[in-house]
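Examination of the molecular architecture
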Amino acid sequence: MPQGWRFIAQRALPESILDWEVPLALSSNPRRDLSGPGSMTATIEPEYSRMLGHDGQPILQEWNTKVYLEIDRVIRWGGIVTKTNYDGPKATIICEGLSAYPHGIPYEGATLLSGELIKPKDPNAGRDKNHDGWVDGKKGKERVPPPPKPYGGPRIDAYDAFRSIWSHIQSRPYGNIGLKIDGHKHGEKLGAADGSDPWQLAWWDNPDCGQVLDSLARTVRFDWIETHAWAAGSGNGIEHRIRLGKPRLGRKRNDLRFTSGENIVARAKPEGMGEEFANEVVVLGRGEGRKMKRVQVHRYDGRLRRVATVVDKTLTADQALRVRGEQELAGRTHALQIPAIQIRDHPNAPFGSWQLGDDIRVQAHLPWVGDIDVWHRIIGDEISADGLCTLTLKRSDSFHY
């Protein structure tokens, strides 16, 4: 274990420290993901001598133990044990970020309905039984007014819906994993203002909370990041938070430099799109046959026309289908990118100086291509025990906002 590193084990419910120095050996580095939970895999060998906690339960227990990586007194990663395997004296521990918890949890709360089509009661209904346009008994004197027009009902801010789902998850018995969600508003409300495309979350549709949260972030276009930190003034308390940002988190980092021969020590093989390339996208939404919702978007660039088809039955509004198509198109039309770089701690970009979602300038020499200078976005990072960090990247121009 590098100096200044330690793995800390904490009981999930209630949160109490079980072990300050769990002897884990990393199989896969602690990974953080943009708008995702991240993961880590580690082993213990030989048999862990401190297997039981003060509560009599195994220290490393599926869905009952939180694990943190602390480096120089800063928590760099946190998650929960989701799977354990045992092979003789060797134990393998798989952990995922706390935000993985909603996946597989059904929504059972009150119905969330945004932009409901409201049809007001007609106060003149029944006053024209012969349907001649005149009030019965007052022909030629009093016409029947037209019925009031339908209108869209109250709408829910996208972040409020996101928080409501998390609140429901954590309100259930043994479901409070301690995640706090940013409290600001997104500004975009779900459903159509005129009631033509209401957004609804109802228990009878058997929705998966994790899938709904992912769908909200994807279709409304916002980022989120899971973070963990020592809580101020709370002794051994650890604060868990989901940060929200629209349309994205992160910023363009002109103050950082990532260059071969300086702080880039290795890089993944550069890649183009190959068979994944498309300059036109067809999005198919809700409905069947001729009534199926359908939108086409394109970005012709002089190359031969290539078409990708996306099917998402949760989409009903043309704008939502168009947004989904633009997102898919942005990811399929970009040029050469470097999917990952491995860097060392360096004044150009000290560890901890970036955040997920940042745009960084990558300068490298590639065989067959030559020197490249391309902006990439950080969508994941992994810190390793050898003092290096791997950044997972996508070209900045492959994102559509």
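All of these numbers come straight from a predicted model, not from anything done at the bench.

With that settled, the discussion passes to the packing of helix 1 (residues 158–171) against helix 2 (residues 209–220). If you want to describe how two helices pack, look at the angle between their axes and the distance between the axes. For the pair helix 1 and helix 2, the least separation of the axes is 10 Å and the interaxial angle reads 165 degrees. The orientation of helix 1 with respect to helix 2, classified from their angle, is roughly antiparallel. Crossing hand, helix 1 versus helix 2: left-handed. Within the contact between the two elements, helix 1 uses Ala 158, Ala 161, Phe 162, Ile 165, Trp 166, His 168 and Ile 169 and helix 2 uses Cys 209, Val 212, Leu 213, Leu 216 and Val 220. In terms of residue class, the contact of helix 1 with helix 2 is made up of eleven nonpolar, one polar and no charged.

This part is about unusual backbone geometry. The step from Leu 13 to Pro 14 runs through a cis peptide bond, and the omega angle for that step is -15 degrees. Within the fold, Pro 14 resides in the loop between strand 1 (5–11) and strand 2 (17–19). The omega angle of the peptide bond from Lys 246 to Pro 247 is -15 degrees, so this bond is cis rather than trans. Of note in this structure, Asp 72 is not a glycine but carries a positive phi near 50 degrees.

Glancing now at the packing of aromatic side chains. Following the criterion strictly, the structure yields seven aromatic pairs and no others. Between the aromatic rings of Phe 162 and Phe 222, the centroid separation amounts to 5.5 Å while the plane-to-plane angle is 85 degrees, which identifies the pairing as edge-to-face. With Phe 162 in helix 1 and Phe 222 in the loop between helix 2 and strand 13 (223–230), this pair connects stretches of sequence that are 60 residues apart. Classification of Phe 222 by relative accessible area gives buried; the value is 3%. Through pairs of rings, three or more aromatic residues link up here, namely Tyr 159, Phe 162 and Phe 222. Across the ring face of Trp 375, the terminal group of Lys 252 is positioned such that the distance to the ring centre comes to 4.6 Å.

Definitions and limits used
Residues numbered from 1 in each chain as written. Predicted model: local features only at pLDDT ≥ 70, side-chain atom pairs only at ≥ 80, totals over all residues. Heavy atoms only, no water. Axes fitted to C-alpha atoms, helices over the stretch in contact; angles between N-to-C directions. Helix = DSSP H or I, 4+ residues; strand = E, 2+ residues; numbered from the N terminus. Parallel < 35°, antiparallel > 145°, perpendicular 65-115°, else oblique. Left-handed = near helix turned anticlockwise from the far one by under 90°. Contact = heavy atoms within 4.5 Å. Nonpolar A, V, L, I, M, F, W, Y, C, P; charged D, E, K, R; others polar. Phe/Tyr/Trp six-rings, centres within 6.5 Å; stacked < 30°, edge-to-face > 60°. Buried < 20%, exposed > 50% of the residue type's maximum accessible area, 1.4 Å probe, protein only. Lys NZ or Arg CZ within 6 Å of the ring centre and 35° of its normal.

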